[in-house]
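# Breakdown of the fold
Chain by chain, the residues:
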Amino acid sequence: SLPTGTGRFRLLAAFATPVLVYTQPGRVGRSLNAALVQELLLRERRAASVQRSNRGGWQSASDLLTGDRATLGPSLARVRTLALDAASAFVRSLHAAAVPSRAFGRRVPRLRLSVLNSWANINRFGDSNLFHDHPQAVLSGVYFVADGSSGVGSSGAGSSGAGSSGRAGSKG
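About the cut-offs
- Residues numbered from 1 in each chain as written.
- Predicted model: local features only at pLDDT ≥ 70, side-chain atom pairs only at ≥ 80, totals over all residues.
- Heavy atoms only, no water.
- Helix = DSSP H or I, 4+ residues; strand = E, 2+ residues; numbered from the N terminus.
- Buried < 20%, exposed > 50% of the residue type's maximum accessible area, 1.4 Å probe, protein only.
- Areas by Shrake-Rupley, 256 points an atom, 1.4 Å probe, with all protein chains shown as cover.
- Contact = heavy atoms within 4.5 Å.
- Core = buried A, V, L, I, M, F, W, Y, C linked by side-chain atoms within 4.5 Å.
- Expected span 1.5 Å × (residues − 1).
- Arc of directions from axis to C-beta.
- Salt bridge = Lys/Arg side-chain N within 4 Å of Asp/Glu carboxyl O.
- pLDDT = per-residue confidence, 0-100.

In this section: the overall build of the protein chain. Of the regular secondary structure elements, the protein chain holds three helices and eight strands. Taken from N to C terminus, the helices and strands of the protein chain fall in the order β-β-α-β-β-α-α-β-β-β-β. Classification of the 172 residues of the protein chain by burial places 28% in the buried group. Total accessible area on the protein chain stands at roughly 11,500 Å², and carbon and sulfur atoms take up 57% of it.

Here you go:
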């Protein structure tokens, strides 16, 4: 603790960054990622890059996971479901850790989760993204489709990622 006038401050690690890691199992993950690579490369050919934090490479508009399943297609709809499921599991685990078992009968509030923004980046050799934040987001996540080591991308080497930021709220 740090002494001050008449009181003391305590330094708490209250803002550590929790990282939730989910690995899509074997064949299912490979199949989804292969479909995503094709979808994202097609979108890259059809639309100019948005310039945000990317230096080089391509970035989609920020509504990548917006729309119904028919608009998104099966691979992007699956990513949206995975993102919302992961966010829900994370928020529920925080609630379980914070609320004593006797309080509220362990009742978890009904959650209403949404994806505020979502986009894809395709970075090839030499491309990058600058440090940035997501000011309206309570949770942020990233789904790596390919890390570049597999030779994915139209140039023979590339990395594709879908980023998203969202808001979690509870409704009693």
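The discussion continues.
Of note, leucine 36 is situated in helix H1 (residues 26-46). When its relative accessible area of 2% is taken as the criterion, leucine 36 is described as buried. For the pair formed by leucine 36 and serine 75, sequence separation is 39 residues and the distance between their alpha carbons is 5.9 Å. Discounting chain neighbours no more than four positions away, the residues touching leucine 36 are Ser75, Leu76, Val79, Tyr143 and Val145.

In this section: the nonpolar core. Of all hydrophobic cores here, the largest spans 17 residues; its most connected members are Leu32, Leu36, Leu40, Leu64, Leu76, Tyr143 and Val145. Secondary-structure elements contributing two or more residues to this core are H1, helix H3 (74-98), strand E5 (110-123) and strand E7 (139-146). With five residues, H1 is the single largest residue contributor to this core.

Right, let's talk about H1 for a bit. Here H1 contains 21 residues, and its C-alpha end-to-end distance of 30 Å stays within 8% of the 30 Å for a straight helix at 1.5 Å per residue. Every buried residue of H1 is accounted for by Gly29, Leu32, Asn33, Leu36, Val37, Leu40, Leu41 and Glu44. Axial view of H1: buried residues confined to an arc of 165°, hence all on one face. Residues of H1 that are exposed and point more than 90 degrees away from the buried face comprise Arg27, Gln38, Arg45 and Arg46.

Take the pattern of salt bridges next. Taken as a whole and judged by the stated rule, the model has two salt bridges. Between arginine 124 and glutamate 44 there is a salt bridge, and its shortest N-O distance comes to 2.9 Å. Taken together, the positions of arginine 124 in the loop between E5 and strand E6 (128-129) and glutamate 44 in helix H1 put the pair 80 residues apart, joining distant regions of the chain. One exposure class covers both arginine 124 and glutamate 44, and it is buried.

Another point: the confidence of the model for the protein chain. Here the protein chain averages 75 in pLDDT, while 66% of its residues score no lower than 70. Per-element averaging of pLDDT across the protein chain places strand E8 (residues 159-171) at the bottom with 44 and strand E4 (residues 58-59) at the top with 94. The model gives residues 153-160 a pLDDT under 50, and that stretch makes 28 contacts with residues more than four places away or in other chains. Note on residues 164-172: pLDDT is under 50 here. Beyond four places in sequence and across chains, it has 40 contacts.

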